[in-house]
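What follows is the residue order along each chain.
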Amino acid sequence: MKMASSSAISLFLTLFLITQCLSVLTAAQGFDFFYFVQQWPGSYCDTKQSCCYPKTGKPESDFGIHGLWPNNNDGSYPSNCDPNSPYDQSQVSDLISRMQQNWPTLACPSGTGSAFWSHEWEKHGTCAENVFDQHGYFKKALDLKNQINLLEILQGAGINPDGGFYSLNSIKNAIRSAIGYAPGIECNVDESGNSQLYQVYICVDGSGSDLIECPVFPRGKCGSSIEFPTF
């Protein structure tokens, strides 16, 4: 009886561990594509909430990375998939200077960026561990930023961060012409209530390899004419 009982316990523990592993794997694989999201710092800061520059100083007047987010074709998304995989800055030590330049924090109080990057990895990155480890996740986002130079694209179409207003369609068409795929555009409002260009969503396939047409666009109300504020 003792042997049978011991075998039953051993079997139970084995099945439990397999179930736990499968649940983590399923969570990590439960998405269809990525949103690669860049934000305009002038629009982040030009709100009633305002912003704080990182401890390294005012970021460049350029779009900054917000994140690389696993997403589903129905608009839902997984999050916080692996609590056993916290952000570890030592794993991305060779990328920190690039992250400070291209993925700056604007949240208050002023920070180094590590809290921002930790949030992005733990909420979004852990849901793509079957595709990227931590280093691969952050490097992919940085490489996408180099590949998709939004400010250069828009300025090439005569759309400048000068506080002027531009048609939403002209912004979308400029980006589509440059990368071959339609972007998702998210707006916020400035202190005067004007709709302004805030975030640009580009879609990447589930392997993180290629740009694709977005299966679904994020919800975000923009006027037909939106402001591109200075920074």
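These figures come from a predicted structure and were not determined experimentally.

Parameters at a glance
Residues numbered from 1 in each chain as written. Predicted model: local features only at pLDDT ≥ 70, side-chain atom pairs only at ≥ 80, totals over all residues. Heavy atoms only, no water. Core = buried A, V, L, I, M, F, W, Y, C linked by side-chain atoms within 4.5 Å. Buried < 20%, exposed > 50% of the residue type's maximum accessible area, 1.4 Å probe, protein only. UniProt positions renumbered as here; feature names shortened; annotations may be inferred. Helix = DSSP H or I, 4+ residues; strand = E, 2+ residues; numbered from the N terminus. Contact = heavy atoms within 4.5 Å. Disulfide = S-S within 2.5 Å.

A closer look at the nonpolar core
One finds Met 99, Phe 138 and Ile 175 to be the most contacted residues of the largest nonpolar core, which totals 48 residues. Formed by seven residues, the second largest nonpolar core is a distinct cluster that contains Phe 33, Trp 69, Cys 203 and Cys 214.

Side note on the UniProt feature "active site" (unreviewed entry) in the protein chain
As recorded in UniProt, the feature "active site" (unreviewed entry) lies at His 66, Glu 120 and His 124. Of the residues just listed, which span 59 residues, no C-alpha pair is farther apart than 11.2 Å, and they cluster in one region. Relative to the assigned elements, His 66 resides in strand β2 (residues 64-71). Those residues in contact with His 66, other than ones at most four positions away along the chain, are Val 37, Gln 38, Gln 39, Trp 103, Phe 116, Glu 120 and Gln 199. Tracing the sequence through the fold places His 124 in the loop between α4 (114-123) and α5 (134-147). Taking relative accessible area as the criterion, His 124 reaches 5% and is therefore assigned buried. Residues contacting His 124, with those up to four places away along its chain left out, are Leu 68, Trp 69, Pro 70, His 119 and Tyr 137.

Here's the deal with the state of the cysteines
Across all of its chains, the model carries five disulfides by this definition. Disulfide pairing places Cys 45 opposite Cys 51 at an S-S distance of 2.0 Å. Here the disulfide of Cys 45 and Cys 51 is right-handed, its torsion about the S-S bond being about 95°. A sulfur-sulfur separation of 2.1 Å characterises the disulfide bridge that pairs Cys 203 with Cys 214. With the S-S dihedral at roughly 105°, the linkage between Cys 203 and Cys 214 falls on the right-handed side. Of this pair, Cys 203 sits in strand β5 (residues 195-205) while Cys 214 sits in the loop between β6 (211-212) and β7 (225-227); the two residues are eleven residues apart in sequence, bridging distant segments of the chain. When sorted by exposure, Cys 203 lands in the same class as Cys 214, which is buried. Once the disulfide-bonded cysteines of the protein chain are ranked by sequence position, their pairing pattern turns out to be 1-2, 3-5, 4-6, 7-10, 8-9.

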